[in-house]
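Each chain, written out:
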Amino acid sequence: MVNYIQTETGSLLKNLTCPECGNIHDAAALNTVCKKCASTLFAVYDFTDGFSKPLLANRQANMWRYKEFLPVVNEKNIVTLGEGMTPVIPIANLKQFTVANNVFWKDESGNPTGSFKARGISAAVSKAKELGIDTIATPTAGNAGGALAAYAARAGIKAVVYMPQQTPGVFKDECRLYGAELVEVAGNINDCGKLVNELSALNGWFQISTLKEPYRLEGKKTMGYEIAEQFNWELPDVILYPTGGGTGLIGIWKAFDEMQQLGWIGSKRPRMVAVQSESCNGIVSAFNAGLQISEFTDGGFTIANGLRVPKPYADKQILRVLRESNGTALAISDLEMSAALKEIARHEGMLIAPEGAALWQAFKKLKDAQWIKDGENVLMINTGSGYKYLENIEVG
Ligand SMILES: *Cc1c(COP(=O)(O)O)cnc(C)c1O
Ligand SMILES: [Zn+2]
């Protein structure tokens, strides 16, 4: 075993552990999923010596401020474009809907390439660079491909991106501009995933499909650390998250666990809400039916392309977080998302992604149903910029 305690970044990474069967994998080697049971792997850190909160005070305002809890060992391998430490912005004008609640956005739209995918991809590309990878491939619904293309360009690594043909043009153009090899697929992200699987094996590419690679999760978990820091270590009561593959939801939850181990927060947790598109509502169905895994569910096109994930690889972990947190799951239609997007733009001055807009609609429904109670603090994660989706929005 490599000893990571004394390193340039101070990363406390210990190993990669399977959350399902407990099998431990060497973090110094290239890993994808659990070698025994094929589950997503979780990076585990050695928190025994602790880490004091005040040390954060002098850190840069990006996600690498938490570098001790990220997997990169040598500073020189960090591939960053300033991702993370995104603002928390309260609802200012639509108060007739929020009434007795404080409701906030965590606005991820200002990240490099316009979405929170930058966080996961920054971590994964950095670690791939550290492990000597020369080509990275991914299936994507749009934003992950653009982020990979940009960070790979920055790292001097070749990127290969498989994207559904139906994705708006901006998502394709950015990949090409960043120099990635883009392949358009007549199908959904699962079809892209199958192709990437086959061709990666054939060509020796390293693939970073959602939650089949351990470190995108680590990048996305930094949202959890930021939320705690920005809310002065008192977590919100409810967090709404637009769920595609579920990386952010699982990552935020993992961060809360880690911070409790560090003694930074107590055991109180937000209720986590997975919001899906009506087109791909397999998690909602499984949650309501009390099932532990979801069924393949694809109702076709949705304006929220990030939510068109018919069968999340880590469905088991997503459902576990929802239940452990006393959370819930609900699906929103394209019509509702589009109306919510316009309402937020016109009244709040934010052009959010349709995925984020789904949360605003979900908030209203949960408040009407009194699932969200008076006095509770609610946080919605706007995962991306609406500017990339204008092709899908009728402006009139
Ligand atoms: C990818 C994506 C999502 C879904 O994220 P997961 O981590 O896959 O659940 C939500 N919104 C946007 C804008 C995305 O790009
Ligand atoms: Zn396992």
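Residues numbered from 1 in each chain as written. Chains lettered and ligands numbered in written order. Predicted model: local features only at pLDDT ≥ 70, side-chain atom pairs only at ≥ 80, totals over all residues. Heavy atoms only, no water.

Okay, the overall build of the protein next. Along its length, the protein carries eleven helices and 13 strands. On C-alpha atoms alone, the protein measures out to a radius of gyration of 20 Å, which is about the 21 Å that the 2.2 N^0.38 rule sets for 396 residues. The C-alpha extent of the protein, read off along each of the three principal axes, is 55 × 50 × 40 Å. Within the protein, the fraction of its 396 residues that count as buried is 62%. Nonlocal contacts in the protein, meaning residues at least 24 apart in sequence, comprise 71% of its contacts between residues at least 6 apart. Total accessible area on the protein stands at roughly 15000 Å², and carbon and sulfur atoms take up 50% of it. Both charge centroids of the protein, one from 39 positive and one from 41 negative side chains, sit 2 Å from each other. (Helix = DSSP H or I, 4+ residues; strand = E, 2+ residues; numbered from the N terminus. Rg over C-alpha atoms; globule rule 2.2 N^0.38 Å. Buried < 20%, exposed > 50% of the residue type's maximum accessible area, 1.4 Å probe, protein only. Contact = heavy atoms within 4.5 Å. Areas by Shrake-Rupley, 256 points an atom, 1.4 Å probe, with all protein chains shown as cover. Lys, Arg positive; Asp, Glu negative; His and termini not counted. Charge placed at Lys NZ, Arg CZ, Asp CG, Glu CD.)

Before going further, it helps to spend a moment on the coordination of the zinc ion (ligand 2). The protein atoms that coordinate the zinc ion (ligand 2) are Cys18 (SG), Cys21 (SG), Cys34 (SG) and Cys37 (SG), at distances of 2.2 to 2.4 Å. Each of the four donor atoms bound to the zinc ion (ligand 2) contributes to angles spanning 101 to 119 degrees, and the resulting shape is tetrahedral. On the primary sequence, the residues serving as donors to the zinc ion (ligand 2) are separated as C-x2-C-x12-C-x2-C. Of this pair, Cys18 sits in the loop between β1 (13–17) and β2 (24–25) while Cys34 is found in the loop between β2 and β3 (42–45), placing the two residues 16 residues apart along the sequence. Accessibility classification places Cys18 together with Cys34 in one group, the buried group. (Donors = N, O, S within 2.8 Å, 3.2 Å for Na, K, Ca; no water. Tetrahedral: all angles 85-135°; square planar, octahedral: opposite > 155°, others 65-115°.)

Before going further, it helps to spend a moment on the site of ligand 1. The environment of ligand 1 is made up of 16 residues, and the closest members are Lys117, Tyr241, Gly245, Gly246 and Thr383. Between ligand 1 and the protein, one listed contact pairs an oxygen atom with a side-chain N or O atom of Tyr241 at 2.8 Å. Gly245 places a polar main-chain atom, nitrogen or oxygen, 2.7 Å from an oxygen atom of ligand 1. Calculation on ligand 1 without its partners gives an accessible area of 380 Å², and the protein chains cover 96% of this total. Placement of ligand 1 is best described as lying within the largest pocket. (Near = heavy atom within 4 Å. Polar contact = N/O pair within 3.5 Å; in protein donor to acceptor, adjacent residues only side chain to side chain. 1 Å grid on protein atoms, 1.4 Å probe; cavity = no way out; pocket = protein on both sides within 12 Å on 5 of 7 lines; lining within 4 Å. Sits in = over half its atoms within 2 Å of the grid points.)

The six strands lie next to each other as β4-β5-β13-β10-β11-β12, forming an open sheet whose pairing is mixed. Taken across any chain shown, the strands that pair with only one partner, and hence form the sheet edges, are β4 (88–90) and β12 (328–332). The average angle at which neighbouring strand axes cross in this sheet is 25 degrees, direction not considered. Here three bridges tie β4 to strand β5 (residues 102–107), and the two strands are oriented antiparallel to one another. The residue of β5 that forms the bridge with Pro90 is Phe104. Contacting β4, β5, β10 (238–242) and β13 (377–382), helix α6 (residues 215–230) crosses the sheet at an angle of about 140 degrees to β5. (Pairing = 2+ DSSP bridges. Axes fitted to C-alpha atoms, helices over the stretch in contact; angles between N-to-C directions.)

Another aspect to go through is the sheet that holds strand β6 (residues 135–139). On the basis of which strands lie adjacent, the open sheet formed by four strands has the order β8-β7-β6-β9 and parallel pairing. Bordering the open sheet on either side are β8 (181–185) and β9 (206–207), each of which pairs with just one other strand. Across five bridges, the pairing between strand β7 (residues 158–164) and β8 is parallel. Directly across from Tyr162, in β8, lies its bridge partner Val183.

In terms of nonpolar packing, the biggest core is built from 54 residues, with Phe69, Tyr225, Met259, Trp264 and Leu322 touching the most fellow members. The biggest single contributor to this core is helix α7 (residues 247–261), with seven residues. Looking at which domains feed residues into this core, each of domain 1 (13–77) and domain 2 (88–115 + 215–392) gives three or more. Sequence-distant contacts of Phe69, that is, excluding residues within four places in its chain, are made with Leu12, Tyr45, Phe47, Phe51, Glu218, Lys221, Tyr225, Glu258, Leu262 and Trp264. Within the second largest apolar cluster, 30 residues are counted, among which are Val238, Leu307, Met337 and Ile352. (Core = buried A, V, L, I, M, F, W, Y, C linked by side-chain atoms within 4.5 Å. Domains from an automatic or database assignment.)

When you tally the buried positions in β6, you get five out of five residues, the bulk of the element. By the alternation rule, side chains of β6 split into Thr135, Ala137 and Pro139 and Ile136 and Thr138, which are all buried. As defined by bridge partners, β6 adjoins β7 across five bridges and the pair is classed as parallel. Across the sheet, the residue bridging to Ala137 is Val160, located in β7. Inspection of the sheet shows β6 paired to β9 by two bridges, in the parallel sense. Directly across from Ala137, in β9, lies its bridge partner Gln207.

Each pair of packed helices can be described by the angle between their axes along with the distance between the axes. Where helix α3 (residues 143–155) contacts helix α4 (residues 169–177), the two axes come as close as 8 Å, and the packing angle between them is 15 degrees. Overall, the two elements α3 and α4 adopt an arrangement that is roughly parallel. Note that α3 runs across α4; the crossing there is left-handed. The segment α3 lies against α4, with Asn143, Gly145, Gly146 and Ala149 engaging Phe171, Glu174 and Cys175. Across the contact of α3 with α4, the residue classes tally to three nonpolar, three polar and one charged. (Parallel < 35°, antiparallel > 145°, perpendicular 65-115°, else oblique. Left-handed = near helix turned anticlockwise from the far one by under 90°. Nonpolar A, V, L, I, M, F, W, Y, C, P; charged D, E, K, R; others polar.)

A few words on the environment of Leu41. Within the fold, Leu41 resides in the loop between β2 and β3. In this structure Leu41 comes out as buried when scored by relative accessible area, which is 0%. Leave out the neighbours within four places in its chain, and Leu41 touches Leu16, Thr17, Cys18, Pro19, His25, Asn31, Thr32, Val33, Cys34, Pro214 and Leu217.

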